[in-house]
Amino acid sequence: ARILGIETSCDETAAAVVEEGRLPLSNVVASQIDLHAQYGGVFPEVASRQHIRTIYAVVNAALEQAHLSLEDIDAIAVTRGPGLPGSLVVGLNMAKGLALASGKPLIGINHLEGHIYSAWLVSENQKDHYPPQFPLLALLVSGGHTELILMTDHLTYQRLGGTLDDAAGEAFDKVGRLLGLTYPGGPAIQEAARNGNEAAFHFPRARLEGTWDFSFSGLKTAVLRTVQDLQKSGRGLPLADLAASFQAAVVDTLVTKTLQAARTFRVREILVAGGVSANQALRRAFLEQREFRVHFPPPFLCTDNAAMIAAAGYFHFLRGHRDGLDMDVLPTWPLFTSSINETLIPS
Ligand code: ATP
Ligand code: MG
Ligand code: FE
């Protein structure tokens, strides 16, 4: 089946066509990063208006690049939440219009579920890629979320824990800002860290023993104090060392707890997704351990895109899930079908 995906939850206007939940036939992303960079973050009103300007052209481009028309599509999957209400509604209305005009089924998708299913997508040069196997542990690390999720099957999500304060991507963005780097901070810190010494500064790793939770606000504050002390002493900032040491602390925190959880819940494989899963140091750390096979999305599908929404849509489509034209956006939609409190902890 071929699914048309539409994503407008934040500051990316995106559309894509995906075959069998795995192969993107097209993937169009109109990023608003340049538009928001002047604010150092996403400005909701600006985002919504920009989605309206670009959505039609983006959807047409996705169909054109796939050499398909709407008649060749089996269903339309669209991000229903979580996200900015004014942004979500633009994609949802576009999807409804297309569904009404074509008679094709409409499926509302959770954006976080989309990030998880980005790990099912293959890029052209990955024909031998095999899909993630259950039971698996998903580490979702994005701009707004840091969650450990147990999946025993498709479309079932048990929440083990998550961040108590900043999301991993948010920590990258905030530290990037205080180091004077360009927005978004994640790619900028990765670049700045390239020639840095990750042992130059020892930043704290919040362990939160006995839970599957994370915390990054202490780390962010530690970087801030170090920067202030260095500035007071009148020396220039060793940007590469600061970036590398901060990045190493985030990576260490994420990898340590994820491996612990993977052992405890005896999963077969690990899946890492969300914008921060593009981080090369994080990928290296997960690939260097030999205990678990780790799946990542293709690097260009880690940040927001519509191929991941179409991939998740495919699995809902197979199960016969359909939404009506009266579907509304859910700006705070939680992903989880249950939390660990309802789960039997393995002996
Ligand atoms: P959410 O999905 O939680 O609603 P979002 O959609 O804004 O949030 P994503 O698009 O998944 O988040 O990811 C964006 C985040 O990923 C930003 O915080 C950005 O700094 C971070 N990021 C992107 N590339 C990298 C990288 N190479 N290293 C570290 N962080 C990165
Ligand atoms: Mg974004
Ligand atoms: Fe996202």
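All values derive from a computational prediction rather than experimental measurement.

Reading the values: the criteria
- As a convention, each chain's residues are numbered from 1 in the sequence order in which they are written.
- Note on labels: chains are lettered from A, ligands numbered from 1, in written order.
- Local features in a predicted model are, by the rule used here, given only for residues with pLDDT of at least 70; side-chain atom pairs are given and counted only at 80 or more, and totals for whole chains, interfaces and linings are based on all residues.
- Axes, fitted as lines to C-alpha atoms, cover a helix only where it is in contact. Angles between the N-to-C directions of the axes lie from 0 to 180 degrees.
- Helix numbering and strand numbering both begin at the N terminus, where a helix is a DSSP run of H or I of at least 4 residues and a strand a DSSP run of E of at least 2.
- We call two directions roughly parallel when the angle between them is under 35 degrees, roughly antiparallel when it is over 145, roughly perpendicular when it lies between 65 and 115, and oblique otherwise.
- Distance between backbone-placed C-beta atoms decides contact: two residues are in contact if it is within 7 Å.
- UniProt positions are given in the numbering used here, feature names are shortened, and annotations may be inferred rather than shown by experiment.
- To sort residues by exposure, count the other C-beta atoms lying within 10 Å of each residue's C-beta; 20 or more gives buried, 12 or fewer gives exposed, and values between give partly exposed, all with C-beta atoms placed from the backbone.
- Here the expected span of a helix is defined as 1.5 Å times the quantity of residues minus one.
- All residues are tested the same way: a C-beta atom is placed from the backbone, and lying within 6 Å of a molecule or strand makes the residue near it.
- Here the term charged refers only to Asp, Glu, Lys and Arg, the term nonpolar to Ala, Val, Leu, Ile, Met, Phe, Trp, Tyr, Cys and Pro, and the term polar to all other amino acids, Gly among them.
- Pairing between strands is defined by DSSP: at least two bridges between them are needed.

J.: What is the right way to read the packing of helix α5 (residues 168-178) against helix α7 (residues 217-232) from this model?
T.: Two numbers describe a pair of packed helices, the interaxial angle and the distance between the axes. Orientation of α5 relative to α7, taken along the N-to-C sense of each, is 10°, at an axis distance of 10 Å. Compared by their axis directions, α5 and α7 come out roughly parallel. Mapping the contact onto sequence places A171, K174, V175 and L178 in α5 and L219, K220, V223, L224 and V227 in α7.

J.: What am I meant to see in the UniProt feature "binding site: substrate" (unreviewed entry) in the protein here?
T.: Look at the UniProt record and you will see "binding site: substrate" (unreviewed entry) annotated at L140, V141, S142, G143, G144, D173, G186 and N279. One can find S142 in the loop between β6 (136-141) and β7 (146-151). With residues near it in sequence (within four places) discarded, S142 still touches H115, A167, G169, G274, G275 and V276. Tracing the chain through its elements places N279 in the loop between β9 (269-273) and α9 (280-288). Judged by the 26 C-beta atoms lying within 10 Å of it, N279 is buried. With near-sequence residues (within four places) excluded, N279 lies in contact with G186 and Q190.

J.: Just checking my understanding: could you explain helix α8 (residues 239-264) for this structure?
T.: Every α-helix winds through 3.6 residues per turn, so residues three or four apart in the chain are directed the same way. Along its 26 residues, α8 runs 38 Å from first to last C-alpha, staying within 8% of the 38 Å computed at 1.5 Å per residue. Note on α8: the residue one or two positions beyond its end, R266, has a positive phi of about 50°.

J.: Even after reading the chapter, I still don't get the site of ligand 1, so can you show me in this structure?
T.: Taken together, 22 residues lie around ligand 1, and G143, G144, G169, G186 and G275 are the ones closest in. Mapped onto the shell around ligand 1, the elements with two or more residues apiece are α4 (111-117), α5 and α6 (185-192). Here the residues of the shell around ligand 1 are counted per class, giving 6 nonpolar, 14 polar and 2 charged.

J.: Please explain the sheet that holds strand β2 (residues 12-19) as it appears in this structure.
T.: The strand order β3-β2-β1-β4-β5 describes an open sheet built from 5 strands, whose pairing is mixed. Sheet topology places β3 (23-31) and β5 (106-110) at the edges, where each strand pairs with a single neighbour. Each neighbouring strand pair of the sheet contributes to a mean axis angle of 20°, computed without reference to strand direction. When β2 meets β3, the two strands line up antiparallel, connected through 8 bridges. Bridge pairing in β3 links V18 to P24. Along the sheet, helix α2 (residues 44-65) contacts β1 (2-7), β2 and β3; its crossing angle with β2, the most-contacted strand, is approximately 20°. Here helix α3 (residues 85-102) sits on the sheet and contacts β1, β4 (75-81) and β5; the angle it forms with β4, its principal contact strand, is near 160°.

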